[in-house]
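# Coordinates in review
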Amino acid sequence: MADSDIWYVWTGGHGADPGMTKGAIDWSDPVRSKNDPFRTGFDCSGLVRWALAQAYDYDIAGSPGLTNNLYGLYPLGSTCFGAAAGTAPLLPRSW
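In this text the structure is predicted, and so the values were computed from the model without any measurement. (Residues numbered from 1 in each chain as written. Predicted model: local features only at pLDDT ≥ 70, side-chain atom pairs only at ≥ 80, totals over all residues. Heavy atoms only, no water.)

### Details of the overall build of the chain
Of the regular secondary structure elements, the chain holds two helices and three strands. Secondary structure elements in the chain, listed N-terminal to C-terminal, are β-β-β-α-α. Out of the 95 residues belonging to the chain, those deemed buried represent 23%. In the chain, the proportion of contacts linking residues at least 24 apart, taken out of those at least 6 apart, comes to 45%. For the chain, the exposed surface amounts to about 7,000 Å²; the carbon and sulfur share of it is 60%. (Helix = DSSP H or I, 4+ residues; strand = E, 2+ residues; numbered from the N terminus. Buried < 20%, exposed > 50% of the residue type's maximum accessible area, 1.4 Å probe, protein only. Contact = heavy atoms within 4.5 Å. Areas by Shrake-Rupley, 256 points an atom, 1.4 Å probe, with all protein chains shown as cover.)

### Some words on unusual backbone geometry
One non-glycine residue with positive phi stands out, namely T11, at about 70 degrees. The phi dihedral of D57 falls on the positive side, at around 55 degrees, and the residue is not glycine. Position of D57 among the secondary structure elements: in the loop between α1 (44-56) and α2 (66-73). On the basis of relative accessible area, D57 is assigned to the exposed category, the value being 73%.

This is how it looks when you write it as structure tokens:
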């Protein structure tokens, strides 16, 4: 993205639909992300979400966005991705 006019922005690409959005300040790195709320672009997963939507005409995250969707599936404190899962390979969850 460095050669294009698309910014890397924290939380970019996680709107209701796949595509570029304004970013947000990453409070773990506020100095480098201070301008993200004023820039339109993608973060890593936002770009993947958009690319897959372009290729397959399907939004892998659904609505309202990947982050909220993941927190809905795996609430904070979930053991699904925690230390309790051990060191074995990550496998799909059986519902």
